[in-house]
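# Observations on the three-dimensional arrangement
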Amino acid sequence: MIRPGKRRAAGLGRRNAALVSLPVLPIAWFVALQAHPVWMPAAYLGYLLVVIVVPGTMFWRRLTGGVGWLAADVVLGTAFGLAVEALVYPLGMLFDMPFAALLMPALAFGMWRALPRRKLPERPTPWWSMAGVMLAVGVAAAWFVRVGAHLIPLDGPEALRPNSDAPHNLAIAGEVTHHFPPRIPYADGGWLTSHWAAYEHLASAHWITSVPLDVLTHRMAPFLWILLTVLGAAAVGMLLTGRAVAAPIAAGLVVAGGDLVAWPWAVSDRVFADGPFSLGQLTNPPQAFSTVLLLPLIAVTTLLLRRRPGTTRGQLFRLFVTAGVLVAALALTKATTLPVYATGLAVAWIYLTVRAGRLNLRALVLGVGVAAAYALTFFFVLRGAASTVRFDPGAAFESLADRMGGGGAVPVIAAVVVIGWVLPIVGALLIKRRDVMVMFLLAGFVAAVLLASLLADRGDTQLFFVRTGFVFGVLLATWGLGSLERRQYWIAGVAAAIGVAAIYWGRHQTPRTCTSANCFGQGLAVTLVIAALGIGVFGLVLRGSRRTWAVIAVAVLLGTTVSPTVASVRRFANPPLTSYESIAPGGIEAARFIRRNSGSDDRIATNVHCHQARASHCQTGSYWIAGYAERRVLVEGWAYQARVDDSYPAGVQGPYRNQDLLELNDEVFSNPTRQTIETLRTKYDVQWLLLDDRVSAPPKNLDKLTELRFQLGTVRVYQIYPPPPANPFPSIPPTPTPTRTPPPTFPTSSTSGFPTGTTSTFPTPTIPTGTQPTVPFPTGTFPTSLPPSPTNPGVPTPSTTSPGLPGR
């Protein structure tokens, strides 16, 4: 019999062994972000720990009662903290409090003190489970160093050639940083009718840490969301299976199963990547953020629908509050997430209602909450804007076929894509117990595939349904493999290796033997033949039971979904840039100059509207001025929803909604007059002009009507000032002198200081009519040679640095 003291010592030893692998997280964090000054990742990490992790975990454990593992609660609590931040930040901005997230620790402490405390049942996380998860974290960090950190260049010549996604994300982040409710920053005047919750985290972190917004948007936040997806899948896998072995399985599938596809050209086109390790995930913050928030929502749904024994009404209410916060945050984040979740929830409600013979209120309340959140988002966030998504079965596969050069092979491509997408659901075959969450995950995954197959949109945004379904597939596969007996894991490991070998062989051989544009299914056919042979040979060698054959077949098929990591690293190491400079040389520095020397409400007018300067077909998707300046632009670009670059040359783009405003804007850069400039300044609050010489040469009289403040590369920045008054110091008419009184006489001494004569005349003081001199503006590391002020030569160039925090 084991003594209690020895049992406690053994438990403490296992806990300490698990903690040994935790330093992998901070090491991976700083290694992955090594290209930036160390204070940036340190400041952001400190913000996460103080504002998000600790308060979020306190919220989560007090509201839900925990999931049984402290490590899982910390991960899910961190994601829940991000959801709370997404709701707190806009409330703070309504009262001009951008630092409102700093209140979260106080709110968490108040909840911890207010709610009744009870000892939560916990199980220690085995060291091997924690080590397996940390191994997946290390792989994610290595991938980010090699690939992810290079897909969107931040500086150098390559930073001038991004597609339209990166500047667009930066423009929305800058708008949410300084204004709420947000408007369209690159075509100011209309409300922003898209989801913006993901950008609130960027804005809040930017205010509190002072880390540059482009570094947060394209580096730190994407890497954080990748890590939270890996760790969150591990935590939910443990909750679903009740076993610690699910944690490394789920984390490994997120990392290795980055693509749920099985064709050889999957790594050659960024559109087909469905997991977090893809360009689509890195260039779409709402999608990445929604994946992070979806995982704790699935966990709360599990706690609600499984009906844990002994749950009181108070505990049930707190679970609904947790789910409500997550649903509200998801409704503000991404339009493709809640439909997939709602479909799974509807099927789970039907299943529970039929099995119990009575209405299931828990699933019904969740469904009503989802519908209400969606309705409120549609009317108050999207403002009733009509969606461009249409019902068009097969259009997604036609688009993929056209892009891959196989327009005549649409049925083959559709079959290959769908088979590759649905392979992860075979993991459900290994789940032993009847559980409502199996129905939930299956229905959600199938809904994601159907929605991507039946709907269509100009930018193929329907494919984001499948990217949402990726999490459902990972959890199904994890649940199946996590249900095995201990002695069956070596069988599953060998079988998975057979599947990996099959898919690698199929992808490797097809480029050599496929010489036609219509042989897209060849790679999948080769893979399935090898997989079938491997299943048969391995099963005959073992001569096992039906369960053993099922384990072999499922593990082999799941192995075929493994992402070609080596190939993706090799092919994606170079960023997918445009063939031209969509950002003007010197444009980033010019926009940052405006940001440093302007107030948050200053507006910019520009002659830049096209993604490519002087292109025969103007793709109106220019957003970089609003992005790097963090200021609203009167009219820059207006292709709101479709990506525009040389990858999408045939995009249909209509005219700007206000042609009179566009003509007024362009007239300033073609034939400026004092009246035109004054109209921009007084009616539209334009204080800055940014001109790109590649679009049009600067008019000769523009520097006489405005003030040239910055010049670099092909970009010039002008500042607009109020015109000087016509007669600022009117003369006072002389007082008439009575004729009967002789005028006074004054001494003629040279020291008197008054002129001699018979009238009292004084010299009129000479005062400059230009603007008052201020401290010269900073020019950074780029020297500029500017002409003197046209209104007052010799006076230092005026600066309009805003009070408070310039450059924020």
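Residues numbered from 1 in each chain as written. Predicted model: local features only at pLDDT ≥ 70, side-chain atom pairs only at ≥ 80, totals over all residues. Heavy atoms only, no water.

With that settled, the discussion passes to the overall build of the chain. The secondary structure content of the chain amounts to 28 helices and seven strands. Put simply, the chain has 808 residues, and 54% of those count as buried. For the chain, the proportion of contacts with a sequence separation of at least 24, taken over those separated by at least 6, is 78%. Total accessible area on the chain stands at roughly 34700 Å², and carbon and sulfur atoms take up 64% of it. (Helix = DSSP H or I, 4+ residues; strand = E, 2+ residues; numbered from the N terminus. Buried < 20%, exposed > 50% of the residue type's maximum accessible area, 1.4 Å probe, protein only. Contact = heavy atoms within 4.5 Å. Areas by Shrake-Rupley, 256 points an atom, 1.4 Å probe, with all protein chains shown as cover.)

This structure, assessed with the given rule, holds 15 salt bridges. Notably, a salt bridge pairs Glu-485 with Lys-432, separated by 3.9 Å at the nearest N-O pair. Note that Glu-485 is positioned in the loop between α19 (464–482) and α20 (489–513) and Lys-432 in the loop between α17 (410–422) and α18 (436–454), a separation of 53 residues in sequence. One network of salt bridges, with partners in common, ties together Glu-175, Asp-188, Arg-603, Arg-632 and Asp-685. (Salt bridge = Lys/Arg side-chain N within 4 Å of Asp/Glu carboxyl O.)

Our focus in this paragraph is the side chain of Thr-78. Within the element layout of this structure, Thr-78 appears in helix α4 (residues 70–94). Exposure remark for Thr-78: the relative accessible area of 9% places this residue in the buried category. Apart from the residues within four sequence positions on either side, Thr-78 is in contact with Ile-52, Val-53, Thr-57 and Leu-228.

Further remarks concern a nonpolar patch on the surface. A surface patch of nonpolar side chains, about 630 Å² in accessible area, is lined by Leu-91, Leu-94, Phe-95, Met-97, Leu-103 and Leu-107. Examined against the element boundaries, Leu-107 turns out to sit in helix α5 (residues 104–114). Given the relative accessible area of 47%, Leu-107 is considered partly exposed. (Patch = residues over 30% accessible without salt bridge, like charges linked within 9 Å, V, L, I, M, F, W, Y side chains within 5 Å.)

Another aspect to go through is the side chain of Arg-62. For Arg-62, the location among the structural elements is in helix α3 (residues 39–64). Setting aside residues no more than four positions away along its own chain, Arg-62 makes contact with Met-111, Trp-112, Leu-115, Pro-116, Arg-117 and Arg-318.

Here we take up the sheet that holds strand β5 (residues 686–692). Strand order in the open sheet formed by five strands is β4-β3-β5-β7-β6, and the pairing between neighbours is mixed. Of all strands in the sheet, those bounded by a partner on one side alone are β4 (632–633) and β6 (707–712). Here strand β3 (residues 603–606) pairs with β4 via two bridges, running parallel. Within the sheet, the bridge partner assigned to Arg-603 lies in β4 and is Arg-632. (Pairing = 2+ DSSP bridges.)

Summed over all chains, the structure comprises one disulfide. Across the disulfide, Cys-610 is cross-linked to Cys-618 (sulfur-sulfur distance 1.9 Å). The S-S bond linking Cys-610 to Cys-618 shows a torsion near -105°; that makes this disulfide left-handed. Looking at Cys-618, the relative accessible area reads 29%, which means it is partly exposed. (Disulfide = S-S within 2.5 Å.)

Among the structural elements, Thr-468 can be located in helix α19. A relative accessible area of 3% means that Thr-468 is categorised as buried. Separated by 127 residues in the primary sequence, Thr-468 and Tyr-341 place their C-alpha atoms 9.1 Å from one another. The contact partners of Thr-468, leaving out residues within four places of it in the chain, are Gln-287, Leu-294, Thr-336, Thr-337 and Val-340.

Take the packing of α4 against helix α9 (residues 213–241) next. Running from N to C, α4 and α9 point in directions that differ by 130°, and their axes come no closer than 9 Å. The orientation of α4 with respect to α9, classified from their angle, is oblique. Here the hand of the crossing between α4 and α9 comes out left-handed. Between α4 and α9, the residues in contact are Ala-72, Val-75, Leu-76, Thr-78 and Leu-82 and Trp-225, Leu-228, Leu-231, Gly-232, Ala-235 and Val-236, respectively. Taken together, the residues of the contact of α4 with α9 sort by class into nine nonpolar, two polar and no charged. (Axes fitted to C-alpha atoms, helices over the stretch in contact; angles between N-to-C directions. Parallel < 35°, antiparallel > 145°, perpendicular 65-115°, else oblique. Left-handed = near helix turned anticlockwise from the far one by under 90°. Nonpolar A, V, L, I, M, F, W, Y, C, P; charged D, E, K, R; others polar.)

Buried residues dominate strand β7 (residues 715–719), accounting for four of its five residues. When β5 meets β7, the two strands line up antiparallel, connected through five bridges. Each residue of the ladder has a partner; that of Trp-688, found in β7, is Gln-719. Pairing analysis gives five bridges linking β6 to β7, with the strands arranged antiparallel. Of the residues in β7, the one forming a bridge with Glu-707 is Gln-719. Here β6 folds back onto β7 in antiparallel fashion, the turn holding two residues, of which Gly-713 has a positive phi close to 60°.

With 19 residues, α19 extends 28 Å from end C-alpha to end C-alpha; this agrees with the ideal 27 Å at 1.5 Å per step. With 19 of its 19 residues buried, α19 lies for the most part within the structure. (Expected span 1.5 Å × (residues − 1).)

Moving on to the confidence of the model for the chain. Of all residues in the chain, 80% attain a pLDDT of 70 or more, and the chain-wide mean is 84. Ignoring residues within four places in sequence, the model shows residues 266–272, a span with pLDDT below 50, making 31 contacts including any to other chains. (pLDDT = per-residue confidence, 0-100.)

What follows concerns helix α15 (residues 361–381). Here α15 contains 21 residues, and its C-alpha end-to-end distance of 29 Å stays within 8% of the 30 Å for a straight helix at 1.5 Å per residue. Within the span of α15, buried status applies to Arg-362, Ala-363, Leu-366, Val-370, Ala-373, Thr-377 and Val-381. Seen end-on, α15 carries its buried residues on one side only, within an arc spanning 100°. Exposed side chains of α15 directed beyond 90 degrees from the buried face belong to Leu-361, Val-368, Leu-376, Phe-379 and Phe-380. For α15, the N-terminal capping position is held by Asn-360, with its side-chain oxygen 3.4 Å away from the main-chain nitrogen of Arg-362. Taken from the residues just after α15, Arg-383 is the one with a positive phi, measuring 55°. (Arc of directions from axis to C-beta. Polar contact = N/O pair within 3.5 Å; in protein donor to acceptor, adjacent residues only side chain to side chain.)

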